[in-house]
Amino acid sequence: MTTITKPPTRCDLSKKCGRAMKFATLLFYGFALGLVAVGLKECLTGFEENRCSMTYMYQYPEYRRVPLPRRVTRLYPTYGLYLYGEGGSAQETRELQLFGAPVIFLHGNAGSYKQVRSLGSVALRKAENAEGGLHFNVFTVDFNGELVALYGGSLRRQTYFLHESIKAILKLYKHLKTPPQSVVLVGHSMGGVVARALFTLPNFNHNLVRLVITQASPHVAPVLVLDQYLRDFYSSLRKKWVKQAYELRNVTVLSIGGGCRDYQVRSGLVSLPYTPGDPTKLSLVATAVPRMWVSTDHLSIVWCKELVLATVRAFFDLLDPETRQFTDNPNKKTAVLNHHFVQHSARMLRDNQEVAVSMQDAPEAWSEVNTLRLAYTAPQVEELKYFMFALPSRRKVYSHFYCRSSNLDMTSWLYGCVRQNGSSCVHVVDLSKGTELLPPYKVVSLSLSDLSPFSHLVVSACNLNGKQFTVECEWQRQQSLALSLSVPHVLSFGLTASEITVLSSGLYHTIKLQDFHEVYQAFRINVASQCKVQKVGRSASVYRMKVPWFMEDILTTASVPSVTEISGMLHTNRPDNESTVVLQLHTAPNCQYKVSVRTSLPKVLGQILRFFVPMVPVYTTVTLLLACGFQLSLICKSRKAASMSYMLCKGFQPHKVNLSVYILHILFSCSWVKNTWSLFCLPMMDVAPPIFPDEVRYDGAVPCAEWPYLLHPLLYVIGAAVAYWGNVMLRLGTRMVSLGLAVLHRSSISRDCGTLHLRTQIFVMIFLTILGWNTCGALAIIVAFVLHLYRVLRLQMAERSLHHILNLAPRHQQLSVIEARECNGSPLLSDLALREVKDDVQLHLCLSALFAVPLVLSSPSLVYWCRNLGYTTQLNPDPYWPFFVPLCIVYLQLINCNTEILTNSKLLHMTSFLPLPVSIAMVIFCPLHLYRVMYFLLGALVPLALCCLL
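Just so we're clear, the structure is a prediction, and the values are computed from it rather than from any experiment.

1. With respect to the overall build of the protein chain
When helices and strands are counted, the protein chain shows 25 helices and 27 strands. Out of the 950 residues belonging to the protein chain, those deemed buried represent 56%. A separation threshold of at least 6 residues defines the contact pool for the protein chain, and within that pool the share at least 24 residues apart is 81%.

Have a look at this one:
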């Protein structure tokens, strides 16, 4: 008997293609989600553990409120000014009779004024042993923990209150003969930005603040620009400090970044915009600070003991013993900050006395070294020891003299000597200023071309305290300092590696890492050391990745032999075409070192997210908008709606969006296009985040940043993944909520369930307008979103009810069209009714995903309003007052929308083509200014709402 196989029908083929497409879509977005997960894991955890030491209070901290004028307290009821104290010091300052130098601490976004306790406690402890009773009065300003990083409406208010606080503090010292004329500001996060904003006030006296130290403060640009107030604040700040830099030349500013551990404010943003050659503006990363060398997260930078000690030491060195106040000399301030934060010379800053070196006093303590290398270990007894190196015989063969010592005593130890006819040194110059501190050593490297006035070098190995230490010195040739290694391409994905072997057995080597100058590059640098002869107590190796254009050095200490991995990542782009990242190797003698560099894909993804995650919301919105556009096109053509996952797959078109962006990018590189564009007062395109201060315009845009063409497609994929999986969560969430709502709410099988009558719409609109105007615009947006979400829940309940009814009906009735109506006049119970409800569910799920974008963008201002609800019921200024009324009208109008109404609309065909140009404009103008997304969303949603009327 022959079996006849029935050929597959068109419906069967369509189902198979649909399943295959769903599987491919799930696979693609699952892969994209995996990339995001790997990048987030690397960004949040791919760094060393927190090696900061905790600061502790020796006595119970007290915060004494400083009275302010009634006018100030009335204008700023949520703010306060406090004086920090502990135990006895708090009792001494109870009556606010102050004699110290004033320091003000400013907390940052959502911070607390009590974060001053680390700085205040260390300052009190160090003042106990200070000469002449020098000490500080540490004040702290309470900004009520405002979210100023996400809402810029209160930044100007904080700045004015800080000005009033400074004037109130200086009045507390009027009883002194020489009262202080200025204060020192220490600002964390946005507190540092507010400190610099003081100088933008119209009536601010620049002499009131001469020194500002900021910690993890985003000076280049805000992390997220969610409202125009934050943009305007930064714009005025930059104009003041760049255009009027000459007026601020006497104001010294030090900005410190946390390093890779700080994922909230990346360290590239802490760089100060300044004019070239201005020594009073210093920017660096905590990993490069001498005697610290550790990375900090955004909060630990406040209490990290190593950084707090460096700050307090600098403050004491800045005090004038006569006036007992901070010095006004900008050169001295720059020298002190360079000493404690840039290059520590391994000696006390105030120790300027030259040590007398004479062979006649102790001739047995002198030894002349004629070998190429010196290795000396001091005995554990007190003795005088000097080593002399002759220069004339070495100048022709060698180029540098390198010396290091494990003795970390802060004393001079290297001198230039002029010796005549075998006599003692007739002239001695201290050369220890060139010394640098490394974790286990103090090292110095001198160029022989700079030592022409001297005949000898003298190294002091005197052991005056009976402490054992080592001294190692050698002559070096330029060849050992000029090794080069080209790093692999970022698209090598770690499959290839660049390697170099250091064959020299010297103490110090440098390797130039060629082609390493972009922030999206990330490498695993492995340094393997091995020695032919094992030696107990062999000196450790120190590897230092030095970035010449920004002080973001990374130091790693390793034992010998060992294999050490260094994370090669940058915080800023190279500003020129000449600088090169250098890997410095302070090595153990008679050992071989092999350096290999390999691209790390997880670290590359982490760098991309660290620098470009603010752009992801724009690409997520673009994906949702294009999906909505394809949904409208499908309704216009077939009178049906498809699932959101299918629409997201159809709407994933990076080639159309990015190709247009690339073309406009090329056009905007032409000066005549930019000039013509500027004549219409239109904003410049901002397609890349600021990486270096010189790239940022006054409006925060980067019109011509050079970035690889794969960056924007990758960001598009990440944004699409966020949109896809966010929609999955929205769909699952609404289904679960609708199940719970079905228990409390009577189900309906009508496609009009959850709609609003005209009178109800007008009443709700009036209510939302009054609500948003008198409270917060974001609150009205949320209420309108909830009303639309209720419409989605009712439709899902209706869909579930129709499924149950059709499943319970007899089979012969399921195969035919049921013409009978229910007694209550509900729609026909048929497959057609179920299909209509399903189409409406898919349409409104698509709209809900798009409506969630304004909800997310406006949520920071809502949180800010809730935190200040005890002081005021109205958010002023409100960044969303121009948007909430048209958004609420659109939301309420689209609540009554369904596929049948859209199909009969005359504007639907034209509206379906609108999302693509809106998406292109959004990618061009919104990556750095997220609040502009609202304008473009309204430009796409208003015509859609009109489709329900026309």
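After that view, the rundown keeps rolling.
2. Comments concerning unusual backbone geometry
That bond from V560 to P561 is cis: its omega, -5°, falls within 30 degrees of zero. Along the chain, P561 falls in the loop between strand 24 (554-558) and strand 25 (562-569). The omega torsion of the bond from N876 to P877 falls at 0°, within 30 degrees of zero and hence cis. As for its position among the elements, P877 is in the loop between helix 20 (831-867) and helix 21 (884-895). A positive phi angle, close to 55°, is found at S189, a residue other than glycine. Position of S189 among the secondary structure elements: in the loop between strand 5 (183-188) and helix 6 (190-197).

3. Here's the deal with the sheet that holds strand 27 (residues 591-599)
Strand order in the open sheet formed by 4 strands is 20-27-22-25, and the pairing between neighbours is antiparallel. Among the strands making up the open sheet, the edge pair consists of strand 20 (497-502) and strand 25. Across the sheet, the mean angle from the axis of one strand to that of its neighbour is 15°, orientation sign disregarded. Of the pairings in the sheet, the one linking strand 22 (residues 522-531) to strand 27 comprises 9 bridges and is antiparallel in character. From the neighbouring strand, C531 faces strand 27, where its bridge partner is C591. In the packing of helix 11 (residues 601-612) onto the sheet, the strands contacted are strand 22, strand 25 and strand 27, and the crossing angle to strand 22 comes to about 135°.

4. Points about the pattern of salt bridges
The final tally for this structure, using the stated rule, is 18 salt bridges. Among the salt bridges present, the one from E472 reaches R404, with a minimum N-O distance of 3.0 Å. In this pair, E472 sits in strand 18 (residues 470-476) while R404 sits in strand 12 (residues 400-405), placing the two residues 68 residues apart along the sequence. Comparing E472 with R404 shows no difference in burial state: the two are buried. Across the pair R544 and E436 runs a salt bridge, and its minimum N-O distance is 3.3 Å. Residue R544 is located in strand 23 (residues 541-546), and its partner E436 is located in strand 15 (residues 436-437); the two are separated by 108 residues in the primary sequence. Among the residues examined, R544 registers a relative accessible area of 8% and is labelled buried. Ionic contacts of the salt-bridge type, sharing partners, join the residues E436, R544, K546 and D553 into one network.

5. A word on the sheet that holds strand 26 (residues 581-586)
Reading across the sheet, the 5 strands line up as 19-21-26-23-24 and stay open at both edges, with mixed pairing between neighbours. The two strands at the open ends of the sheet, each matched to only one other strand, are strand 19 (483-486) and strand 24. Between one strand axis and the next, the sheet turns by 20° as a mean value, whatever way the strands run. The sheet contact formed by strand 21 (residues 508-514) and strand 26 spans 6 bridges and is antiparallel. Bridging across to strand 26, I511 finds its partner in L583.

6. Brief notes about the confidence of the model for the protein chain
Per-residue pLDDT for the protein chain has a mean of 84; in total, 90% of the residues score no lower than 70. Across residues 693-706, where pLDDT falls below 50, the model places 44 contacts with residues more than four positions away in sequence or in other chains. Note on residues 811-829: pLDDT is under 50 here. Beyond four places in sequence and across chains, it has 21 contacts.

7. What about the nonpolar core?
Soluble globular proteins: nonpolar side chains tend toward being buried together. Counting 134 residues, the largest nonpolar core has I511, L513, I525, V595 and L902 as the members making the most contacts within it. Apart from the residues within four sequence positions on either side, I525 is in contact with L513, M545, T564, E565, I566, G568, L583, V595, S596 and V597. Counting residues in hydrophobic clusters, the runner-up holds 48 residues, among them V72, L155, F233 and Y234.

8. As for the state of the cysteines
In the structure shown here, the tally under the stated rule is 3 disulfides. Across a sulfur-sulfur distance of 1.9 Å, C403 and C473 are joined as a disulfide pair. Placement of the pair is C403 in strand 12 and C473 in strand 18, with a sequence separation of 70 residues. The exposure classification of C403 matches that of C473, with both residues buried. Residue C628 stays outside any disulfide, its sulfur separated by 4.2 Å from that of C846, the closest cysteine.

9. What about the environment of D320?
Note on placement: D320 falls in the loop between helix 9 (305-318) and helix 10 (330-341). For the pair D320 and L134, spaced 186 residues apart in sequence, the C-alpha to C-alpha distance is 9.2 Å.

10. Focus: the environment of R125
One can find R125 in helix 4 (residues 117-127). Considered as a pair, R125 and M57 are 68 residues apart in the sequence and their alpha carbons are 9.4 Å apart.

11. Observations concerning the packing of aromatic side chains
Evaluated as defined, the whole model comprises 36 aromatic pairs. With 6.4 Å between their ring centres and 70° between their planes, F143 and F161 make a pair best called edge-to-face. You can see F143 sitting in the loop between strand 4 (136-142) and helix 5 (155-171) and its partner F161 sitting in helix 5, a full 18 residues away along the chain. Summarising the burial analysis for this pair, F143 and F161 share the class buried. Aromatic side chains F883 and Y935 sit 4.9 Å apart centroid to centroid with 80° between the ring planes, which places their arrangement in the edge-to-face category. Of this pair, F883 sits in the loop between helix 20 and helix 21 while Y935 sits in helix 25 (residues 933-947), and the two are 52 residues apart along the sequence. A relative accessible area of 3% places F883 in the buried class. Judged by its relative accessible area of 46%, Y935 falls in the partly exposed class.

Calculation criteria
- Residues numbered from 1 in each chain as written.
- Predicted model: local features only at pLDDT ≥ 70, side-chain atom pairs only at ≥ 80, totals over all residues.
- Heavy atoms only, no water.
- Helix = DSSP H or I, 4+ residues; strand = E, 2+ residues; numbered from the N terminus.
- Buried < 20%, exposed > 50% of the residue type's maximum accessible area, 1.4 Å probe, protein only.
- Contact = heavy atoms within 4.5 Å.
- Pairing = 2+ DSSP bridges.
- Axes fitted to C-alpha atoms, helices over the stretch in contact; angles between N-to-C directions.
- Salt bridge = Lys/Arg side-chain N within 4 Å of Asp/Glu carboxyl O.
- pLDDT = per-residue confidence, 0-100.
- Core = buried A, V, L, I, M, F, W, Y, C linked by side-chain atoms within 4.5 Å.
- Disulfide = S-S within 2.5 Å.
- Phe/Tyr/Trp six-rings, centres within 6.5 Å; stacked < 30°, edge-to-face > 60°.

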